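# Geometric and topological summary
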Amino acid sequence: MLRGSSFAEKRVIDLMNARYVSFYFCFRKGTNGYDEDAAALYNESLKEDADFKAGLPPVVLYAPDGLKSLKSIPREVQFDKDKFHDALRDALREHPAYDAPAPEEKKLLAAAEAAPRDAAAHYRAGEARERAAAPAAGLYEKAIAAAPESEWAARAHLRLATMARHARAWDDAEKRLESAEAVNAGDRFNFADDVAMERAHRQLADQKHAKALELLDAAIRASPASNRMGELRFYAGVANFFLAKRDWAHYHWWWVLENIPEDHHVLRCSVALTAEGNCFANPELAGFAGAKEMTISDGAAARDVARSDYDRLKDKYAP
Amino acid sequence: MRSSFLAATLLAFAAPQEPAGPGDKSRIDFFYAGRFKEAKKRAAEQNRMLLVKGVSVILDEEAARDVKRGTC
């Protein structure tokens, strides 16, 4: 479930790559993916942990020497992508010695510092800070001030909209999207798909699934090469799921598996399309769990249904 | 962002660069089983916290493939 929720989230991916060294393994001896060295540390530090005993252990953050456990992130936080991101961010603030910018990030910050009127330098520095969950808004604001009608400014507005969305500051997010659109007249910078996805997030949060689907369908059709296609398709599936159009949800989720198998939403789609046979509450589907127990054959059966729906509907989704 | 090879080439140094679509191949740079010592060494070299996630069984195909490949 973790790989389908938090580990599939772009800003979690960015933060882990920017500030952590991450290790993933199976802690049970004799199983695929077991690592004796890791188990000696991890299993020992969790031997009294109830979730570990139940087979759903926390994420543990260790000091760089790998000896001292600094923080444990329990499963109820792990499965919520926003809480998980914030827990990782907070751990960095609690341990600033391990939160220093990487060399490339330092270069970008220095370049912005050296060129106060360079919109590009400030945008790039802002991106680097945002990836590390560090303050970035001021750098984006400077990018906008330096060249208010440029693509840098338009994209800085977009980034600020996304940051506002993460803070659930929906009105601020909408104002930023309007500012981005004002600079992007005629979609000259090709980011109508980003704007649609951001607006759809608000509709989904408000459980206005039909309106969200309308935005997502239009963006999928208008921007077939969108780098956010996995996200557009995943949430089109979510909207259909809550509109009781499960076959169309399956269609969108399987489309991702079939057409962009390396997109970071693949696992999220894969977990969602077996939701009916899954006993774990899916955080991406408002905690939906379709079964009291789960077997491998139930999961395989659910995948077969999804595949069949995809095959039946794929030629009916007009481009 | 819609990708356009020509536009991307012409604007390579003049405009923000987004990953080419469709989709986004962003991945966590995990170290997998068999490489824990290497992960510890990397964390020490970079002075980064070592994030460890253990699972009781590796069910999904992608994780199994990643573990087998041992990539990070």
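Residues numbered from 1 in each chain as written. Chains lettered and ligands numbered in written order. Predicted model: local features only at pLDDT ≥ 70, side-chain atom pairs only at ≥ 80, totals over all residues.

Right, let's get into the overall build of chain A. If you tally the helices and strands in chain A, you get 16 helices and three strands. Counting only residues that meet the buried cut, chain A has 53% of its 319 residues in that class. A separation of at least 24 residues holds for 46% of the contacts in chain A among residues at least 6 apart in sequence. (Helix = DSSP H or I, 4+ residues; strand = E, 2+ residues; numbered from the N terminus. Buried ≥ 20, exposed ≤ 12 C-beta atoms within 10 Å, placed from the backbone. Contact = placed C-beta atoms within 7 Å.)

Another aspect to go through is the interface of chain B and chain A. Every contact between the two is made by 47 residues of chain B and, on the other side, 62 residues of chain A. Every element with two or more residues in the side of chain B that touches chain A is listed here: β1 (30-32), α2 (36-46), β2 (49-55) and α3 (61-69) of chain B. A total of eight residues in the side of chain B that touches chain A trace back to one element, the largest contributor, which is α2(B). Bridge count between strand β2 (residues 59-62) of chain A and β2(B): four bridges; the pairing is antiparallel. Along β2(B), the bridge assignment pairs A:L61 with B:L51. (Pairing = 2+ DSSP bridges.)

Quite often, the size of an interface is put as the accessible area lost when its parts meet. Residue and element names in this part refer to chain A. As assigned here, chain A comprises domain 1 (6-97), domain 2 (101-188) and domain 3 (190-319). The C-alpha centroid of domain 2 is placed 31 Å from the C-alpha centroid of domain 1. Taken together, the contact between domain 1 and domain 2 spans seven residues of the former and five residues of the latter. Taken together, the elements giving at least two residues each to the side of domain 1 that touches domain 2 come down to α1 (10-19) and α5 (81-94). Tallying contributions element by element places α1 first for the side of domain 1 that touches domain 2, with four residues. Its residues assigned to classes, the side of domain 1 that touches domain 2 comprises three nonpolar, no polar and four charged. (Domains from an automatic or database assignment. Nonpolar A, V, L, I, M, F, W, Y, C, P; charged D, E, K, R; others polar.)

Looking now at unusual backbone geometry. Phi angles above zero are rare outside glycine, and A:A244 is one such case at about 65°. Tracing the sequence through the fold places A:A244 in the loop between α13 (229-242) and α14 (246-259). Its 9 C-beta neighbours within 10 Å are what place A:A244 among the exposed residues. Non-glycine residue B:N47 carries a positive phi angle of around 55°. Relative to the helices and strands, B:N47 is located in the loop between α2 and β2.

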